Amino acid sequence: MQRPRYGGQIADHRRALIFYVFVTFVLGTISFGMNAKYTEMIWIDLRDAPGGPLALIEGFISYRINFIALATGHIQAWFMQALLVSFMVLQNAYKPDA
């Protein structure tokens, strides 16, 4: 890891932030990959299914691959919102009284 410049301190929560970046990257990759596979499946692989792609789109939640893609996307969004809220709470907690 790179050392801080100008005599700065290393953040105590650096490992937590690296873990956070890793988790959000993994969740985003899983979500994107499964969403791409589901799109390929409904428009190319199952094109001749009864009702066509429209029936597959309407029954989107019955496919496990799409359910996992949506779930990981939502969990990733929760992680990102939790980081934003924690920064707001910490900023207000350490605000000097004026």
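Everything below is about the structure printed above this text.
The present account deals with the structure reproduced in this document. Bear in mind the structure is a predicted one, so any value in this text is a computation, not a measurement. (Residues numbered from 1 in each chain as written. Predicted model: local features only at pLDDT ≥ 70, side-chain atom pairs only at ≥ 80, totals over all residues. Heavy atoms only, no water.)

**Overview of the packing of aromatic side chains**
Right, on to step 1. In this structure the tally under the stated criterion is 1 aromatic pair.
Right, on to step 2. The interplanar angle of 55 degrees and the centroid separation of 5.9 Å between the aromatic rings of Tyr38 and Tyr63 together place this pair among those described as tilted. Placement of Tyr38 in helix H1 (residues 14–45) and of Tyr63 in the loop between helix H2 (52–58) and helix H3 (64–93) is noted, with a sequence separation of 25 residues between them.
Right, on to step 3. For Tyr38, a relative accessible area of 6% corresponds to the buried category.
Right, on to step 4. Taking relative accessible area as the criterion, Tyr63 reaches 25% and is therefore assigned partly exposed. (Phe/Tyr/Trp six-rings, centres within 6.5 Å; stacked < 30°, edge-to-face > 60°. Helix = DSSP H or I, 4+ residues; strand = E, 2+ residues; numbered from the N terminus. Buried < 20%, exposed > 50% of the residue type's maximum accessible area, 1.4 Å probe, protein only.)

**Digging into the packing of H1 against H3**
Right, on to step 1. Interaxial distance between H1 and H3 falls to 8 Å at its minimum, and their mutual angle equals 150 degrees. In this view, H1 runs roughly antiparallel relative to H3, as classed from their interaxial angle. Crossing angle aside, the handedness with which H1 passes H3 is left-handed.
Right, on to step 2. Class assignment of the residues belonging to the contact of H1 with H3 gives a composition of 15 nonpolar, 8 polar and 1 charged. (Axes fitted to C-alpha atoms, helices over the stretch in contact; angles between N-to-C directions. Parallel < 35°, antiparallel > 145°, perpendicular 65-115°, else oblique. Left-handed = near helix turned anticlockwise from the far one by under 90°. Nonpolar A, V, L, I, M, F, W, Y, C, P; charged D, E, K, R; others polar.)

**Considerations on the side chain of Ser31**
Right, on to step 1. On the secondary structure map, Ser31 appears in helix H1.
Right, on to step 2. Excluding anything up to four places from it in sequence, Ser31 contacts Ala69, Thr72 and Gly73. (Contact = heavy atoms within 4.5 Å.)

By themselves, these figures tell us nothing about what the structure is for.
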